[in-house]
Amino acid sequence: MSYAITDPKYYSNLSEAFAKFERLKSADFILFRDKVCSDYAFRATKFTQFKSKFSAKFILHNDIDLALSLKVDGIHFSSNNLENIKFAPSNLIKFASTHSIKEIEIAHKFGADFITFSPIFSTPNKGEPVGIKTLKDIVKISQIPVIALGGIVNKEQILSIKDSGAAGFASIRYFAN
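This report concerns the structure included in the present document.

What counts, and at which threshold
Residues numbered from 1 in each chain as written. Predicted model: local features only at pLDDT ≥ 70, side-chain atom pairs only at ≥ 80, totals over all residues. Heavy atoms only, no water. Helix = DSSP H or I, 4+ residues; strand = E, 2+ residues; numbered from the N terminus. Rg over C-alpha atoms; globule rule 2.2 N^0.38 Å. Buried < 20%, exposed > 50% of the residue type's maximum accessible area, 1.4 Å probe, protein only. Areas by Shrake-Rupley, 256 points an atom, 1.4 Å probe, with all protein chains shown as cover. Lys, Arg positive; Asp, Glu negative; His and termini not counted. Charge placed at Lys NZ, Arg CZ, Asp CG, Glu CD. Arc of directions from axis to C-beta. Contact = heavy atoms within 4.5 Å. Core = buried A, V, L, I, M, F, W, Y, C linked by side-chain atoms within 4.5 Å. Pairing = 2+ DSSP bridges. Axes fitted to C-alpha atoms, helices over the stretch in contact; angles between N-to-C directions. Left-handed = near helix turned anticlockwise from the far one by under 90°. Nonpolar A, V, L, I, M, F, W, Y, C, P; charged D, E, K, R; others polar.

As for the overall build of the protein chain
Counting secondary structure elements, the protein chain contains 6 helices and 8 strands. For the protein chain, the succession of helices and strands along the chain, N to C, is β-α-β-α-β-α-β-β-α-β-α-β-α-β. The C-alpha atoms of the protein chain give a radius of gyration of 15 Å, which matches the 16 Å a tight globule of 177 residues would have. Its C-alpha atoms put the protein chain at 40 × 35 × 30 Å along the principal axes. Considering the protein chain as a whole, with its 177 residues, one finds that 52% of them fall into the buried category. When the accessible surface of the protein chain is split by element, carbon and sulfur atoms take 51% of a total near 8,800 Å². A distance of 3 Å separates the average location of the 23 positive side-chain charges in the protein chain from that of its 17 negative side-chain charges.

Observations concerning helix 6 (residues 155-164)
For helix 6, the set of buried residues is Q157, I158, I161 and S164. The arc enclosing the buried residues of helix 6, seen along the axis, measures out at 115 degrees, which places them on a common side. Exposed and facing more than 90 degrees away from the buried side of helix 6 are K155, E156, L159, K162 and D163. Tucked into the core, helix 6 has its buried residues touching helix 5 (131-141), strand 7 (146-149) and strand 8 (168-171).

What to know about the nonpolar core
One finds F18, I30, L60 and I161 to be the most contacted residues of the largest nonpolar core, which totals 53 residues. Filtering out sequence-adjacent residues up to four positions away, L60 remains in contact with L31, F32, Y40, A44, F47, L66, A67, L70, V72, G74, I75 and H76. If you look at the next biggest cluster of nonpolar residues, it comprises 12 residues, including L31, I93, F95 and I172.

Some thoughts on the sheet that holds strand 7
The strand order around the closed barrel built from 8 strands is 1-2-3-4-5-6-7-8, with neighbouring strands paired in parallel fashion. Across the sheet, the mean angle separating the axes of adjacent strands is 25 degrees when strand polarity is ignored. Pairing geometry for strand 4 (residues 74-77) and strand 5 (residues 93-98), over 4 bridges, is parallel. Looking at the pairing, G74 lines up with I93 of strand 5. Along the sheet, helix 4 (residues 101-110) makes contact with strand 5 and strand 6 (114-117), crossing strand 5 at roughly 165 degrees.

Digging into the packing of helix 5 against helix 6
Here helix 5 crosses helix 6 at 35 degrees, and the two axes come no closer than 9 Å. Taken as a pair, helix 5 and helix 6 cross one another with a handedness that is right-handed. Across the interface between the two elements, I132, L135, K136 and V139 of helix 5 pack against S160, I161, D163 and S164 of helix 6. Among the residues making up the contact of helix 5 with helix 6, the classes are represented as 4 nonpolar, 2 polar and 2 charged.

Geometry only, nothing functional implied.
Below you can see the structure in the form of structure tokens.
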């Protein structure tokens, strides 16, 4: 399973991103995440206009009401927003961003369908990577399918994630190349 995460520092507009980044076409999920935009709802609306051109499930970041009004497939909750998972209706796929066992337990308690766990490999501004061994340990204890995230930029890393037993991988830079 592959989970593409958008980041506007790699494109000037969504049309450019969807035209330029060939790997997006192979993603199972595409998350519209824009932490710097002043009008997320407007840009998310633009994002959903591409939905018919992709087989991927479209995911929004943190905003349940917007996800419902735009009829996307799911919602991704930041690690500081995990308690809101319990408010998301069952028709939305619920992803939870986690970095610790405690956050995984919270995500499970509130009903996440998937967790992203990070950072696996070195990635800018995300702290020390935990590595494949820790990922394997997390996969063994998690009651929720684990999607590896962080520093994933090549096929060798994706193969090591697959070998770890994780349900899949998520990345920004892999899909933006």
